Amino acid sequence: MKEYISKQHQILRPADQIYMMISRFDHLTPALQDKVEEWQADEDHCSFKAKGFNVKLKIDEKIAPKHVKIVGDGGIPMDFAFWIQLHAVSECDTRMRLVLHAELNMMMKMMIGSKIQGALDQIAEGMANAMNGQF
């Protein structure tokens, strides 16, 4: 599996507060339901349609307030594990980074391999900006 690690981002909120937001898919509904098609979520599972794929995800592991591990639950043509990692620097200073382990076949490497790092950095920056704004 290939590992991709985003740039680290500062979020000026307590790690516990960020963890509460990211540890349940249903908490993400207000932020995501208008950005993807057919969004559905409960605490540990979500599904949506993106670029012709029916994507299903599940939260595989949660360690408060340190990380959430997300894995595919069908619909994505690759094996992967995705971590949202949090590190509390002080009471209202948390550092976040995203880590993706993905098993890409030759076709997927050719199609998206070079774009994954940039996309991961963009997602991490967007999440940090949103969390530095308001929940």
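Asker: Whenever I open this one, the pairing of strand β8 (residues 93-103) confuses me. Can you help?
Answerer: Residues in a regular strand project their side chains so that they alternate between the two faces of the sheet. Bridge count between strand β1 (residues 2-5) and β8: four bridges; the pairing is antiparallel. Directly across from Glu-3, in β8, lies its bridge partner His-101. In the sheet, strand β2 (residues 9-11) pairs with β8 via three bridges, with the strands oriented antiparallel. Note that in β8 the partner of Gln-10 across the bridge is Arg-95. Strand direction decides the pairing type here: strand β7 (residues 79-90) and β8, joined by eleven bridges, are antiparallel. For Leu-86, the partnering residue across the bridge sits in β8 and is Met-96. If you look at the hairpin formed by β7 and β8, you'll find two residues sitting between the two strands.

Asker: Looking at this structure, I do not really get the pattern of salt bridges. What am I missing?
Answerer: Should the charged atoms of two oppositely charged side chains come close, the side chains can pair. For the structure on display, the rule yields seven salt bridges. The partner of Arg-24 in a salt bridge is Glu-43, with the nearest N and O atoms 3.4 Å apart. Placement of the pair is Arg-24 in the loop between α1 (15-22) and α2 (29-32) and Glu-43 in the loop between β3 (37-41) and β4 (45-50), with a sequence separation of 19 residues. Overall, Arg-24 belongs to the partly exposed group, its relative accessible area being 26%. Here Lys-62 ties to Glu-43 by a salt bridge, and the two come within 3.1 Å at their closest N and O atoms. Remark: Glu-43 occurs in the loop between β3 and β4 and Lys-62 occurs in strand β5 (residues 53-63); sequence separation between them is 19 residues. Residue Glu-43 is classed as partly exposed on the basis of its relative accessible area of 33%. Three or more residues joined by partner-sharing salt bridges are found here, namely Arg-24, Asp-26, Glu-43, Asp-44 and Lys-62.

Asker: Honestly, the packing of aromatic side chains in this entry has me stumped. Any pointers?
Answerer: Two aromatic rings, taken as a pair, are described by how far apart their centres are and by the angle between their planes. Summed over all chains, the structure comprises one aromatic pair. The side chain of Lys-2 reaches across the aromatic face of Tyr-4, ending 5.5 Å from its centre.

Asker: Any chance you could explain the environment of Met-78 here in plain terms?
Answerer: Looking at the element boundaries, Met-78 is found in the loop between β6 (67-72) and β7. Taking the C-alpha atoms as reference points, Met-78 and Lys-109, separated by 31 residues in sequence, lie 11 Å from one another. If sequence neighbours within four positions are ignored, Met-78 has contacts with Ala-102, Glu-103 and Leu-104.

Cut-off values and rules
- Residues numbered from 1 in each chain as written.
- Predicted model: local features only at pLDDT ≥ 70, side-chain atom pairs only at ≥ 80, totals over all residues.
- Heavy atoms only, no water.
- Pairing = 2+ DSSP bridges.
- Helix = DSSP H or I, 4+ residues; strand = E, 2+ residues; numbered from the N terminus.
- Salt bridge = Lys/Arg side-chain N within 4 Å of Asp/Glu carboxyl O.
- Buried < 20%, exposed > 50% of the residue type's maximum accessible area, 1.4 Å probe, protein only.
- Phe/Tyr/Trp six-rings, centres within 6.5 Å; stacked < 30°, edge-to-face > 60°.
- Lys NZ or Arg CZ within 6 Å of the ring centre and 35° of its normal.
- Contact = heavy atoms within 4.5 Å.

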